[in-house]
Amino acid sequence: MGDQKTAALGTWANRWTFILAAAGSAIGLGNIWKFPFITGEYGGGAFVLVYLVCIALVGIPIMMAETVLGRHGRHSPIVTMRELARESDAGRGWSLVGWMGVLAGFLILSFYSVIAGWALAFTWDMGAGVLMGLTGEQVGAHFDALIADPVRLTFWHTLFMVLTALVIARGIHKGLENSVRVIMPLLFVLLIVLLGYSIVETDQFGRGFSFLFSFDFSKLTWEAVLAAMGHAFFTLSLGMGAIMAYGAYMPKSASIGSTVITVAVLDTIVALVAGLAIFPIVFANGMEPGAGPGLLFVSLPTAFGHMPGGQVFGVLFFVLVSLAALSSSISLIEPAVAWATERFSMSRLVATSLFSALVWLIGMGTVFSFNLWSGEEYQWFGMTVFELLDFVTANIMLPLGGLLIAIFAGWIMKRSVVYKELNLSLVRFNLWRALCRVIAPVCVFVIFVANLYKAIA
Ligand code: PHE
């Protein structure tokens, strides 16, 4: 595969659009909804520290590897893996990485869309003013009523899937680029406004801060370490081909190292700012940090409800959360759509409609897991459908996909090819290579084995 090769599927306008698109994929519900609630469930500080270490030692090197694969392969992840394996004289079996990624993308999107639907529902409710001036408990009751109602959940889940399909069907230039260019900066500004509110109005900023950053290792279990690592993959959109697919659209001239680091840093900042904004509000309203998936949806509307201009800010906030979710959801389905259009010359519209319908259907499992199927007879290993999907994708499929990607880039691909793609100084390249060949795979492996051992023992 020569240098002259341009992407089969088009390229981004420039380096910044890749940054925006990759950041659009990375920054989403994972940062604003999931990070705070799992940090709360696993007790704060120590979990955050492990997560940060995983981002630096595992996430960034693997994100670089995934981008290298994508840009060198220049196809949809399934085809890229097959072609690169051929080029490296490795077995065709490597295309399984692409297949597993497509499956992981479908499964993640199936529940992601339901949660994004909550954000749509809250946009509506904030706009209607029904959340103004309520206590935390009252907002909690409002949230519980929403998730107890399969019809309402289905409505918002459907709406979100339709929106995703509309953007994806328009293609990467019109669809993806334009949407992220506006959403990301705006979302960030709004998080800063919320942070300001938390600092000035709640009196609990110090407590929120130390919850996030004081490390109590006695609370740290292997399960928490797995969750922290899994979340590092989830939040950076790693291990399922999203970054590979976007890498395929990246211009040759852009530096992968600095681009990836920019994306990872932006993603981490958004998560930490979201955490710093949310926990003081949680404490100020006497809520439990470990309250679970409803944490964001109960704490923030309570704060907006008491803030001057809160109704406007509240609507804007949930619109932005929905849009941030949208810029992630399109990347969850893009590998599959890119593959179908490439392999069967299917139109984007047909591929998108087909896959969205499938994902929508799987998503109904998550819709019901909060109401009709919340009972024990619908649980596996003590988890509801939603919890199981979340666990299997984030904690198993993404790390496994990432592990294979790291091994492929570090051990299977020719060193000279990777060296050329990364275009780093020799010292930096060797550092990356050590992380990618040894450190990252060993971390993932050890965490897997420790958890397996705990589960069996
Ligand atoms: N990174 C996204 C988020 O944090 C979710 C995602 C995971 C997107 C995997 C693409 C691939 O919300």
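If you're wondering where the values come from, they're calculated on a predicted model, not measured in any experiment.

### Comments concerning the environment of Trp33
Piece 1. As for its placement among the helices and strands, Trp33 is situated in helix 2 (residues 29-41).
Piece 2. Given a relative accessible area of 0%, Trp33 falls into the buried group.
Piece 3. In the structure, Trp33 is positioned 264 residues away from Phe297 in sequence and 8.3 Å away in space, judged by C-alpha atoms.
Piece 4. Excluding its chain neighbours within four sequence positions, the residues that come into contact with Trp33 are Ile115, Trp118, Pro293, Leu296, Phe297 and Phe386.
Piece 5. Among the polar contacts listed, one links the side chain of Trp33 to the backbone oxygen of Pro293, at a separation of 2.9 Å.

### A look at the side chain of Glu334
Piece 1. With respect to the helices, strands and loops of the structure, Glu334 is situated in helix 14 (residues 310-344).
Piece 2. The exposure class of Glu334 is buried, given its relative accessible area of 0%.
Piece 3. Here the side chain of Glu334 touches Tyr249 through a polar contact of 2.4 Å, side chain to side chain.

### Focus on the confidence of the model for the chain
Piece 1. Summing up the model confidence of the chain, the mean pLDDT is 92 and the portion of residues at 70 or higher is 96%.
Piece 2. Below a pLDDT of 50 lies the segment residues 1-6, which in the model reaches eleven contacts outside its immediate sequence neighbourhood of four places, other chains included.

### Here we look at the site of the ligand
Piece 1. The local shell around the ligand holds 14 residues, among which Ala26, Gly30, Tyr112, Phe234 and Ser237 are the closest.
Piece 2. The contact in question runs from a nitrogen atom of the ligand to an N or O atom on the backbone of Ser25, over 3.2 Å.
Piece 3. Leu29 places a main-chain nitrogen or oxygen 3.1 Å from an oxygen atom of the ligand.
Piece 4. About the coverage of the ligand: the protein hides 100% of its 330 Å² of free accessible area.
Piece 5. With respect to the pocket detection grid, the ligand is positioned in the largest cavity.
Piece 6. Elements supplying a minimum of two residues to the shell around the ligand: helix 1 (15-26), helix 2, helix 10 (222-235) and helix 14.
Piece 7. Split into classes, the residues belonging to the shell around the ligand amount to six nonpolar, eight polar and no charged.

### A look at empty space enclosed by the protein
Piece 1. Under the counting rule described, the total for this entry stands at two cavities of 30 Å³ or more.
Piece 2. One number sums up the size of the largest cavity: a volume of about 130 Å³.
Piece 3. Of the residues that constitute the lining of the largest cavity, the class distribution is eleven nonpolar, six polar and no charged.

### Details of the side chain of Asp125
Piece 1. Looking at the element boundaries, Asp125 is found in helix 5 (residues 95-128).
Piece 2. Take Asp125: its relative accessible area is 8%, and that puts it in the buried class.
Piece 3. Side-chain polar atoms of Asp125 contact the side chain of His142, separated by 2.7 Å.
Piece 4. Once residues lying within four places of it in the same chain are set aside, the contact partners of Asp125 are Val130, Leu131, His142 and Arg152.

### Considering the packing of aromatic side chains
Piece 1. Summed over the entire model, instances satisfying the criterion amount to 33 aromatic pairs.
Piece 2. Considering the side-chain rings of Trp118 and Phe297, the 5.4 Å spacing of their centres and the 80° angle between planes classify their relative orientation as edge-to-face. Linking Trp118 in helix 5 with Phe297 in helix 13 (residues 295-304), this pair joins segments that are 179 residues apart in sequence. For the pair Trp118 and Phe297, a shared accessibility class is recorded, and that class is buried.
Piece 3. Taking 5.7 Å as the distance between ring centres and 75° as the angle between the ring planes, the aromatic pair formed by Phe211 and Phe283 counts as edge-to-face.

Quick notes on the rules
Residues numbered from 1 in each chain as written. Predicted model: local features only at pLDDT ≥ 70, side-chain atom pairs only at ≥ 80, totals over all residues. Heavy atoms only, no water. Helix = DSSP H or I, 4+ residues; strand = E, 2+ residues; numbered from the N terminus. Buried < 20%, exposed > 50% of the residue type's maximum accessible area, 1.4 Å probe, protein only. Contact = heavy atoms within 4.5 Å. Polar contact = N/O pair within 3.5 Å; in protein donor to acceptor, adjacent residues only side chain to side chain. pLDDT = per-residue confidence, 0-100. Near = heavy atom within 4 Å. Areas by Shrake-Rupley, 256 points an atom, 1.4 Å probe, with all protein chains shown as cover. 1 Å grid on protein atoms, 1.4 Å probe; cavity = no way out; pocket = protein on both sides within 12 Å on 5 of 7 lines; lining within 4 Å. Sits in = over half its atoms within 2 Å of the grid points. Nonpolar A, V, L, I, M, F, W, Y, C, P; charged D, E, K, R; others polar. Points joined across faces, edges and corners; volume = space filled by probe spheres on them. Phe/Tyr/Trp six-rings, centres within 6.5 Å; stacked < 30°, edge-to-face > 60°.

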